[in-house]
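Analysis of the macromolecular model
The chain contents come next:
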Amino acid sequence: MSVSNGEDQKPTLERQEDAVGSYDEKTLGLEPDGLYIDPVVEKRVRNKIDRVLIPLVMGLYLVAFLDRSNIGNAETAGMSKDLGFDDSHYQWLLTIFYIPYILFEWAALMWKAVPPTAVVWATCCILVWGLASTLQAAAFNWSGLMACRFFLAMAEAGYGPGVPYLLSFFYKRHELGFRCGIFLSAAPLATTFAGALAYGITSGHPAHIANWRLLFIVEGVPSVLLALVAYFCMPDSADTARFLTEEEKKVAKIRAIQQTGSEGTERIGRPNFKDILMSLKDIKTWIPPLMYFSCNVSFSSLPVFLPTILQNMGFTAINAQGLSAPPYFLSFMICILTTWIADKTRQRGLMIIGLSLVAGVGYILLLACKSVAVRYFGVFLAAAGVFPAISNILPWTINNQGSDSKRGAGIALLNIVGQCGPLLGTRMFPTTDAPYYIMGMGVCAGFMFFNALLALILRTYLDWENRKFEKNDEAMRQAGTDPTIGSVGLENEGYGFRNVL
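A short tour of the structure in this document, coming up.

Re the overall build of the protein chain
Helix and strand content of the protein chain: 21 helices and 0 strands. For the protein chain, the proportion of its 501 residues judged to be buried stands at 59%.

Following this line, the structure appears as structure tokens:
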């Protein structure tokens, strides 16, 4: 039978790539007969994985982001006033989250290293962050909140940063970006809900419990409940997923072999440390972390400070909570749209450059303008650029690494370096800089323009490397070498591998 979605195998650099197209790999001579998949069956399997896995990981990331970022809404609702601490203490509540988050970034590799208990690993992470988030409601001093934030970050570090890596076990590289975009769009969507939910809670009549405490409870308990859902529904790999039939599992195995030369279950286990070392020697492993760092300076600060920024524009605390929602809903839509377009066009670098420039302009408006309407428009531009840029950076990293271990190393380094950005970003908006926060807006604008420059440099390097791959493949063809010898999967830098630009 014919094989679907095989255009990556076509070795010509100048080819027009179309992610929905289907090439006859048998004609190209790249796959033995045993690795052909009926396109209809493959599409059915992929769609079935989409219906189960993507809503699950997105929903979990949504509640995770709610739990980490609702500290800004709690502050607007009177948390520091009730507990008697000042702005410097609040700044440390933001900063403490990212210290364990950085220290435990290596946990992204646990999705590969701990079979068949990856599901147990994910469940434990979700349960711990849910409990830590909920227990913030019981804090009666600053120290108690600091402890909860520490454990919240430690547990979230074991889940969110590794999910794009997990998705690479289920999807081919030209399918991955859109799925990562849907997953990561949960961040702005969660922030949209955070504003709306906080508005609903803080606009009510006084109750027996402080509104900010109720906020932590309402947003923390769902995480605890979803830990059980993850335990029963989260698969380790496509060819072991309980929701697939035996025929569909065979298709999933063949897809994995087409990707890397190994079945899905064989891809889980001890990482290849030689590949990890090779990855760390490659410049394309180091530029994306710097890009992620740049974006994270803005990404971390905007959700927690936006209600305060809006309040300083002249809106009441309650209206500031509500007005923080629309920019993030726009960002949610753009996350999905831009990752889909980048998958179709294979031009992820250009997409990141454009989004970074949009965000930079947004921060310039917030920095330079005094009109409330113009500054609020700047908030829309900043949110519409920062979150979608990150949604494209993560799959770009995975797209261009040549093995599972290299992809794991790339994601781990991306997060270790990139998550240092919030250490700076969360310190850039002291209350003494109100109402315009010139320093914070200027720093965020500068980093977004720097991110655009980094994306241009990386794209140029990847284009040069593609031409080198083409020369190597041409030499193989001229020598009459059989490209199928060695059983190296396409995505493991086999014959026809090209970087996504």
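Notes on the packing of helix α9 (residues 173-184) against helix α18 (residues 372-399)
The description of two packed helices rests on the angle between their axes and on the distance between the axes. The N-to-C vectors of α9 and α18 enclose an angle of 150°; their axes lie 9 Å apart at closest approach. Crossing of α9 over α18 shows right-handed handedness. Contacts from Arg173, Leu176, Gly177, Cys180, Gly181 and Leu184 in α9 reach Ile390, Ser391, Leu394, Pro395, Ile398 and Asn399 in α18. Here the residues of the contact of α9 with α18 are counted per class, giving 7 nonpolar, 4 polar and 1 charged.

With respect to the environment of aspartate 87
Along the polypeptide, aspartate 87 turns up in helix α4 (residues 87-103). Taking the relative accessible area as the measure of exposure, aspartate 87 reaches 23% and is therefore partly exposed. Spatially, the C-alpha atoms of aspartate 87 and threonine 432 are 9.3 Å apart, while their sequence positions differ by 345 residues. When near neighbours in sequence (up to four residues on either side) are disregarded, aspartate 87 contacts Pro430 and Thr431.

Observations concerning the packing of aromatic side chains
For the structure on display, the rule yields 14 aromatic pairs. When the centroid spacing of 5.5 Å and the interplanar angle of 50° are considered together, the rings of tryptophan 129 and tyrosine 159 count as tilted. Separated by 30 residues along the polypeptide, tryptophan 129 in helix α6 (residues 118-135) and tyrosine 159 in the loop between α7 (142-157) and α8 (163-167) bring together distant segments of the chain. Tyrosine 159 carries the same exposure label as tryptophan 129, and that label is buried. In this structure an aromatic cluster arises from ring pairing among Tyr61, Phe65 and Phe183. For arginine 213, the ring lying beneath its charged end belongs to phenylalanine 140, and the centroid distance is 4.6 Å.

Details of a nonpolar patch on the surface
Together, Trp92, Ile99, Leu103 and Leu423 line one region of the surface with nonpolar side chains, adding up to about 350 Å² of accessible area. In terms of residue count, α4 provides more of the nonpolar patch than any other element does, 3 residues in total. In this fold, leucine 423 is placed in helix α20 (residues 421-425).

Some remarks on the packing of helix α2 (residues 39-76) against helix α11 (residues 211-233)
It is at 10 Å that the axes of α2 and α11 come closest, and there the two elements cross at 160°. As the angle between them shows, α2 and α11 are arranged roughly antiparallel. Crossing of α2 over α11 shows left-handed handedness. Every residue of α11 that contacts α2 at Val52, Leu56, Gly59, Leu60, Val63, Leu66, Asp67, Asn70, Ile71, Asn73 and Ala74 is listed here: Trp212, Leu215, Phe216, Glu219, Gly220, Ser223, Leu226, Val229, Ala230 and Cys233. A per-class count over the contact of α2 with α11 returns 14 nonpolar, 5 polar and 2 charged.

Thoughts on helix α13 (residues 273-280)
Residues Asp275, Ile276 and Ser279 constitute the buried set of α13. For α13, the angular spread of the buried residues around the axis is 100°, confining them to a single face. More than 90 degrees from the buried face of α13, the exposed residues found are Phe273 and Lys274.

Let's talk about the nonpolar core
Ranked by internal contacts, the top residues of the largest apolar core, which has 109 residues, are Tyr61, Tyr159, Met234, Met291 and Tyr363. Here the element with the most residues in this core is α2; it accounts for 15 residues. Apart from residues lying up to four places away in sequence, tyrosine 61 is in contact with Arg68, Tyr159, Gly160, Phe183, Leu184, Ala186, Ala187 and Phe299. Core analysis: the next-biggest nonpolar cluster, separate from the first, contains 18 residues, Phe85, Leu94, Ala137 and Ile201 among them.

What about unusual backbone geometry?
Within the chain, arginine 346 stands out as a residue other than glycine whose phi angle is a positive 55°. Of note, arginine 346 is situated in the loop between α16 (325-345) and α17 (348-368). A residue is classified by how much of its surface remains accessible, and arginine 346, at 6% relative accessible area, is buried. Non-glycine residue tyrosine 437 carries a positive phi angle of around 45°. Looking at where tyrosine 437 falls in the secondary structure, it is placed in the loop between α20 and α21 (438-479).

Thoughts on the pattern of salt bridges
Scanning the entire structure with this criterion turns up 12 salt bridges. Residue glutamate 465 pairs with lysine 284 through a salt bridge whose shortest N-O separation is 3.0 Å. Highlighted residues: glutamate 465 in helix α21 and lysine 284 in helix α14 (residues 283-312), separated in sequence by 181 residues. When sorted by exposure, glutamate 465 lands in the same class as lysine 284, which is buried. Residues joined in a network through salt bridges with shared partners are Arg44, Lys48, Glu247 and Glu248.

Side note on the side chain of lysine 249
In this fold, lysine 249 is placed in helix α12 (residues 246-260). A relative accessible area of 16% means that lysine 249 is categorised as buried. In this structure lysine 249 touches Ala238, Asp239, Thr240, Ala241 and Leu244, once residues within four positions along its chain are discounted.

Conventions and cut-offs
- Residues numbered from 1 in each chain as written.
- Predicted model: local features only at pLDDT ≥ 70, side-chain atom pairs only at ≥ 80, totals over all residues.
- Heavy atoms only, no water.
- Helix = DSSP H or I, 4+ residues; strand = E, 2+ residues; numbered from the N terminus.
- Buried < 20%, exposed > 50% of the residue type's maximum accessible area, 1.4 Å probe, protein only.
- Axes fitted to C-alpha atoms, helices over the stretch in contact; angles between N-to-C directions.
- Left-handed = near helix turned anticlockwise from the far one by under 90°.
- Contact = heavy atoms within 4.5 Å.
- Nonpolar A, V, L, I, M, F, W, Y, C, P; charged D, E, K, R; others polar.
- Phe/Tyr/Trp six-rings, centres within 6.5 Å; stacked < 30°, edge-to-face > 60°.
- Lys NZ or Arg CZ within 6 Å of the ring centre and 35° of its normal.
- Patch = residues over 30% accessible without salt bridge, like charges linked within 9 Å, V, L, I, M, F, W, Y side chains within 5 Å.
- Areas by Shrake-Rupley, 256 points an atom, 1.4 Å probe, with all protein chains shown as cover.
- Salt bridge = Lys/Arg side-chain N within 4 Å of Asp/Glu carboxyl O.
- Parallel < 35°, antiparallel > 145°, perpendicular 65-115°, else oblique.
- Arc of directions from axis to C-beta.
- Core = buried A, V, L, I, M, F, W, Y, C linked by side-chain atoms within 4.5 Å.

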